[in-house]
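Examining the three-dimensional arrangement
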Number of protein chains: 2
Amino acid sequence: MVELADFGSFYVGGRRVEVRGRPTEALYVSSSVPAYPWDPNGDFFVEQAYVQYFIPARRRCPLPVILQHGGGLTGACWETTPDGRPGWINSFLEAGFATYVIDTVERGRAGFCAVPGEWPGAPVSRSLQMAWTMFRFGPRYGEAFPGQRFPVASIDAFGRGFVPRWAHTIPLQQAALIEAIRKIGPCVLVGHSQGGEFGSAAVTAVPELVRAAVFLEPSGFPDRFDNVRGRSFLYMMGDYIDRDASGLWGPLEPKTRATVEALAKGGARAEYLSLPERGIRGNSHMLMMDDNSDELARLTQDWILDAVG
Amino acid sequence: MVELADFGSFYVGGRRVEVRGRPTEALYVSSSVPAYPWDPNGDFFVEQAYVQYFIPARRRCPLPVILQHGGGLTGACWETTPDGRPGWINSFLEAGFATYVIDTVERGRAGFCAVPGEWPGAPVSRSLQMAWTMFRFGPRYGEAFPGQRFPVASIDAFGRGFVPRWAHTIPLQQAALIEAIRKIGPCVLVGHSQGGEFGSAAVTAVPELVRAAVFLEPSGFPDRFDNVRGRSFLYMMGDYIDRDASGLWGPLEPKTRATVEALAKGGARAEYLSLPERGIRGNSHMLMMDDNSDELARLTQDWILDAVG
């Protein structure tokens, strides 16, 4: 498949929390040490992000690509698809892209903050039913749109990859992505769904580093366009938006089109790519998992090479 | 570095939870859709584990190796060390081992259960201070044992990799590891710390699949020895156990020695390897992160090849 020159991971961002004055409690940590005295005091790091990187030996793209997952998911969404096909990471490595995969704050290997009193409220989880309509698999759970490309028979395998989320963490996740980009350097950002909201903050905050960005059905957008000149942006949208039963895509689709117009007006090269308008029909919100995920990965790679190659 | 024939991930185990009858709440999911109606009802998967695998093109070991992390950590502990050196995964791939890395239930990309009422109590986090003594970096936070091999100057980078834990999840984590082994097939298991407690359950439950096991300072042990004949076990222990300030290693060390004796009596090939007794001094509990981590990885690989190669 691919020869790797390097592989590894690091953490970025976050802050140190100091806890003092709480009582020690007995905690079950092992059947061999049934009541270990657990001291909740001390120093803790919270709100960091995790970055796993894969550097192919033969690089075709001069800039690394950062894959930023969306809400309720982790970097694993770019790996093996729910029905067992190779994921976008495989495709990007075979095509010669140095690939950095983020697990954002609170998700996956980044860990979440369990220090009492630090984070407000409880996390929530997305049900299979909510995912089904929000990700436009069909009009209601168990019923798929005709021509649906998401592997709906593997919905259970997909659901095992869901992770909880808090509602207040978006600014922390944006900050962590910006820290990751500062560490990685000039790059191309690929952001899916809520990853588009994180990525939009990075597009604005570190314009000299994010040379190009691909947003896959993003849920957030840049809020200034005076520093976008000479940069390239692709917004990729799947099918069934006019039949969305979740209420999410009605407001997002026109905002996406308006963002592309504003980017172009600001001097960027900006493209709104509706897959069905190009004749590629049947894609859900989970573009990197649909049955044509390899085709969409190559389309994305070709666009990136054209933009920065 | 290494040519990969395959790379990917999958989830194993877990159960479906059905939630009904709860009210929908408005949730902030995006700056573009400020109050999305979030329905907490539906079906959720909880208590699965995540498995990321790397298959080198040139294999030297006939069986795959499973790396099972310990408490408060994730599979990332086998990646880049806190001070930036290549991790055990790199070493195992270069040596020709198909390598499966687990994130167990509640940790990392496996996700935790946020469905209200399902899991008892709140999770706890391990402070830098507790890690310092429990992992035998030194007698008290900031003071290292003479000759300490853990990169203590990188304690903050290490701490960013800590994740919370619940106290009731060990049986779930054991079940998930057993499921992973059933899916992977005949294998060699490498378990660190609490990963030894998960792994010990697997050694007992699927004796025909776990052909050999390496336990790195485990916190749990097999409880039967009538099915171990013909199998191989290595227990590797670091330094400073006699100077442990945490109170953890006093009870664990004799249980480890007794386990090796019981395995040998049951007909297994079982070895208790005290690194300092072999002249390798200065190792902490974090054997895969200490400054001789590559040497210990090769030592482990040679033992595995001798056992099953």
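Computed from a predicted structure; not experimentally measured.

Section: the overall build of chain A
The helix and strand inventory of chain A stands at seven helices and ten strands. Seen through its principal axes, chain A has C-alpha atoms that stretch 65 × 45 × 40 Å. By residue count, 66% of the 309 residues in chain A fall in the buried class. Long-range pairs, those at least 24 residues apart, make up 73% of the contacts in chain A with a sequence separation of at least 6. Of the roughly 10,300 Å² of accessible surface on chain A, 49% is carried by carbon and sulfur atoms.

A few points about the side chain of Asn283(A)
Positionally, Asn283(A) belongs in the loop between strand S10 (269-274) and helix H7 (293-308). In this view, Asn283(A) contacts Arg136(A), Arg149(A), Gly238(A), Asp239(A), Tyr240(A), Leu275(A), Asp290(A), Asn292(A) and Leu296(A); residues no more than four positions away in its chain are not counted.

Details of the interface of chain B and chain A
With 80 residues of chain B at the interface, the matching set in chain A holds 81 residues. Of the roughly 6,700 Å² buried at the junction of chain B and chain A (both faces included), carbon and sulfur atoms supply 57%. It is Trp38(B), Arg109(B) and Arg160(B) in chain B that bury the most area against chain A; as a group they hold 12% of the surface buried on that side. On inspection of chain B and its partner chain A, the count reaches six salt bridges. In this structure, Arg109(B) engages Asp103(A) in a salt bridge whose closest nitrogen and oxygen atoms are separated by 3.0 Å. Between the two partners, chain B and chain A, sit 43 residue pairs in polar contact (both at pLDDT 80 or more). Residue contributions to the side of chain B that touches chain A peak at eleven residues, all from strand S1 (residues 2-19) of chain B. Considering only residue class, the side of chain B that touches chain A consists of 40 nonpolar, 25 polar and 15 charged. When strand S1 (residues 2-19) of chain A meets S1(B), the two strands line up antiparallel, connected through three bridges. What sits directly across from Leu4(A), in S1(B), is Val2(B).

Things to note about the side chain of Asp103(A)
For Asp103(A), the location among the structural elements is in strand S6 (residues 99-103). The class of Asp103(A) is buried, set by a relative accessible area of 0%. There is a polar contact of 2.8 Å between the side chain of Asp103(A) and the backbone nitrogen of Gly75(A). When neighbours within four sequence positions are excluded, Asp103(A) is seen to be in contact with Ala49(A), Tyr50(A), His69(A), Thr74(A), Gly75(A), Gly108(A), Arg109(A), Ala110(A) and Arg109(B).

Some words on helix H4 (residues 170-184) of chain A
Residue and element names in this part refer to chain A. In this model, H4 (15 residues) spans 21 Å end to end at C-alpha, consistent with the 21 Å of a helix rising 1.5 Å per residue. All of the buried residues in H4 are Ile170, Gln173, Gln174, Ala176, Leu177, Ile178, Ala180, Ile181 and Ile184. Positive backbone phi, approximately 95°, marks Gly185, located one or two places after H4.

Some remarks on the nonpolar core
Ile304(A) and Ile304(B) are the most contacted members of the largest nonpolar core, which totals 215 residues. Non-local contacts of Ile304(A), meaning those with residues more than four positions away in its chain, are made with Cys61(A), Val65(A), Phe92(A), Phe97(A), Val188(A), Val190(A), Val214(A) and Gly309(A).

Digging into unusual backbone geometry
Residue and element names in this part refer to chain B. Residues other than glycine seldom take positive phi values, yet Ser193 does so here, at roughly 55°. With respect to the helices and strands, the residue Ser193 is situated in the loop between strand S7 (187-192) and helix H5 (194-205). Judged by its relative accessible area of 12%, Ser193 is buried. Its identity is not glycine, yet Tyr240 carries a phi of approximately 70°, on the positive side. Counting through the fold element by element, Tyr240 comes out in the loop between strand S9 (232-237) and helix H6 (249-265). The class of Tyr240 is buried, set by a relative accessible area of 2%.

Some points on the relation of the copies chain B and chain A
Least-squares fitting of chain B to chain A yields an RMSD of 0.0 Å, with the transformation described by 0.0 Å of translation along the axis and a rotation of 180°. Read as a symmetry element, the transformation amounts to a two-fold axis. Counting the interface residues of chain B, we find that 100% of their copies in chain A are interface residues as well, pointing to one common contact surface.

Re the pairing of S1(A)
Where S1(A) and strand S4 (residues 42-56) of chain A come together, 14 bridges link them in antiparallel fashion. The residue bridging Phe10(A) from the neighbouring strand is Val51(A), located in S4(A).

Here's the deal with the packing of H4(A) against helix H5 (residues 194-205) of chain A
Residues and elements named next belong to chain A. Where H4 contacts H5, the axes come no closer than 9 Å and their chain directions differ by 55°. Classified by the angle their axes make, H4 and H5 are oblique. Viewed along their axes, H4 and H5 form a crossing whose handedness is right-handed. Mapping the contact onto sequence places Ile170, Gln173, Gln174, Leu177, Ile178 and Ile181 in H4 and Gln194, Glu197, Phe198, Gly199, Ala201, Ala202 and Ala205 in H5. Of the residues belonging to the contact of H4 with H5, the class tally is eight nonpolar, four polar and one charged.

The rules behind each value
- Each chain carries its own residue numbering, running from 1 in the direction its sequence is written.
- All chains are assigned letters beginning at A, and all ligands numbers beginning at 1, according to the order in which they are written.
- Where totals are concerned, whole chains, interfaces and linings use all residues; where local detail is concerned, this predicted model gives features only for residues with pLDDT of at least 70, and gives and counts side-chain atom pairs only at 80 or more.
- The side-chain numbers reported here are obtained from all heavy atoms of the structure, hydrogens and water having been left aside.
- Only runs of H or I of at least four residues qualify as helices and only runs of E of at least two qualify as strands under DSSP, and these elements are numbered from the N terminus.
- Only protein chains enter the accessibility calculation, which uses a 1.4 Å probe; a residue whose area is less than 20% of its type maximum is buried, one above 50% is exposed, and one in between is partly exposed.
- Throughout, a residue-residue contact means that at least one pair of heavy atoms, one from each residue, lies within 4.5 Å.
- Each accessible area is a Shrake-Rupley estimate made with a 1.4 Å probe; only the visible protein chains count as cover when residues are assessed.
- When two components associate, each loses some accessible surface as probed by a 1.4 Å sphere; the sum of these losses over both components is called the buried area.
- One speaks of a salt bridge when a side-chain nitrogen belonging to Lys or Arg is within 4 Å of a carboxyl oxygen belonging to Asp or Glu.
- Throughout this description, a polar contact denotes any pair of N or O atoms lying within 3.5 Å of each other; where both atoms belong to protein, one of them has to be capable of donating a hydrogen while the other can accept it, and for residues adjacent in sequence the pair is counted only when both atoms sit in side chains.
- Under the convention adopted here, Pro, Cys and the residues Ala, Val, Leu, Ile, Met, Phe, Trp and Tyr are nonpolar, Asp, Glu, Lys and Arg are charged, and Gly plus all remaining residues are polar.
- Any two strands between which DSSP finds at least two bridges are classified as paired.
- Take the residue count of a helix, subtract one, and multiply by 1.5 Å to get its expected span.
- Only buried Ala, Val, Leu, Ile, Met, Phe, Trp, Tyr and Cys residues count toward a nonpolar core, and they belong to the same one when joined by side-chain atoms within 4.5 Å.
- Copy-to-copy alignment: least squares on C-alpha atoms, limited to residues at pLDDT 70 or above in both.
- Only C-alpha atoms enter the line fits that serve as axes; for helices the fit covers just the stretch in contact. Angles between N-to-C directions range over 0 to 180 degrees.
- For this classification, under 35 degrees means roughly parallel, over 145 means roughly antiparallel, 65 to 115 means roughly perpendicular, and everything else is oblique.
- Put simply, a crossing is left-handed when the front helix is turned counterclockwise from the back one by less than a right angle, and right-handed when it is turned clockwise.

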